[in-house]
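Observations on the model geometry
Here are the chains, one letter per residue:
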Amino acid sequence: MSVHTLKRNWQLSWENAGFKLKLIAGMTILVSIFLMLPSFFLYIENRDGTVLNDWVLAAIPAKDVSVPIMILIWGMIFLFTIRMIAKPQLFLRFLIAYVLITATRCLTIYLVPLGPPLNMIGMTDPLTDIFYGGHAISKDLFYSGHTSLLFLIYLCVEKKVDKYLAGCCTLAVGILLLVQHVHYTTDVVFAPLFSTIAFQLGKKWAECKTTTSPGEPVI
């Protein structure tokens, strides 16, 4: 897609009053949540949590697989960014869904106080380290943020090959998170459910019916 077409897509979408309002609101809410995350996770880390008897983790020797996890996650983020940047409506749907995922993760983490799994191996993630305020966090468990993000990307992408890649990456990262014992099995298994709900709501709320331009973005 040419730069001219990309620019035209965003210009036409920005002239849509509904799109503009929802984009600004979504970005504002997301930034606000991000600003409070370091304090929230510090509180979570300092409270007591229940250590679950996870028979799946008990059967898997803990290994540090941080590098392949990060390669898969950032690879899919890069690919999806390329796909999304040319499609304003796709970006808006993803933004709203991601806001919902971030907010509901905070809620479920607060409501389900868990202690870190046995033999947990800490994982280094440049992005989450920023949100954690530079502190080592091990109790942000239910539900898995990495798994939910990748499954959301799987739901959002449109090309078959992209869906195949996103689906494989989601499955692989979910398994690797268990191998590293950074999440309980329930954290990973329930993540796609929350992503699906967020995606459906995001898709519904992102629909903009009020237009001020006779043209439609070229997709």
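Predicted model only: the values in this text are computed from it and were never measured.

**Some remarks on the confidence of the model for the protein**
When pLDDT drops low, the exact placement of atoms in the prediction is not to be read closely. In this model, the protein carries a mean pLDDT of 89, and residues with pLDDT of at least 70 account for 89%. Across residues 210–216, confidence stays below pLDDT 50; counting only partners more than four residues off in sequence or on other chains, it has twelve contacts.

**Regarding the environment of Asn16**
In this fold, Asn16 is placed in the loop between helix 1 (3–14) and helix 2 (17–45). Residue classification places Asn16 among the buried residues on the basis of a relative accessible area of 8%. At 2.9 Å, the side chain of Asn16 forms a polar contact with the backbone nitrogen of Phe19.

**Things to note about the nonpolar core**
Formed by 57 residues in total, the largest nonpolar core has its most connected members in Ile69, Phe80, Phe94, Leu152 and Ile153. Mapped onto this core, the elements with two or more residues apiece are helix 2, helix 4 (66–85), helix 5 (88–111), helix 7 (145–156), helix 8 (160–179) and helix 9 (185–205). In contact with Phe80, not counting residues within four places along its chain, are Leu90, Phe94, Ile153, Cys156 and Val157.

**So, the state of the cysteines**
Counted by the stated rule, this structure contains zero disulfides. Not engaged in a disulfide, the cysteine Cys169 finds its nearest cysteine sulfur in Cys168; these two sulfurs lie 7.0 Å apart.

**Details of the environment of Val173**
Position of Val173 relative to the elements: it lies in helix 8. Linking Val173 and Thr147, residues 26 residues apart in sequence, is a C-alpha distance of 6.8 Å. Setting aside residues up to four positions removed in sequence, Val173 forms contacts with Ile69, Leu72, Ile73, His146 and Leu150.

**A word on helix 7**
Owing to its 3.6 residues per turn, the α-helix aligns residues three or four sequence positions apart on the same side. In a regular helix each residue adds 1.5 Å, so twelve residues correspond to 16 Å; helix 7 covers 16 Å between its end C-alpha atoms and thus fits that length. Within helix 7, eleven of the twelve residues are buried, which leaves the element mostly enclosed by the surrounding structure. Every buried residue belonging to helix 7 is among Gly145, His146, Thr147, Ser148, Leu149, Leu150, Phe151, Leu152, Ile153, Leu155 and Cys156, and all of these are buried.

Conventions and cut-offs
- Residues numbered from 1 in each chain as written.
- Predicted model: local features only at pLDDT ≥ 70, side-chain atom pairs only at ≥ 80, totals over all residues.
- Heavy atoms only, no water.
- pLDDT = per-residue confidence, 0-100.
- Contact = heavy atoms within 4.5 Å.
- Helix = DSSP H or I, 4+ residues; strand = E, 2+ residues; numbered from the N terminus.
- Buried < 20%, exposed > 50% of the residue type's maximum accessible area, 1.4 Å probe, protein only.
- Polar contact = N/O pair within 3.5 Å; in protein donor to acceptor, adjacent residues only side chain to side chain.
- Core = buried A, V, L, I, M, F, W, Y, C linked by side-chain atoms within 4.5 Å.
- Disulfide = S-S within 2.5 Å.
- Expected span 1.5 Å × (residues − 1).

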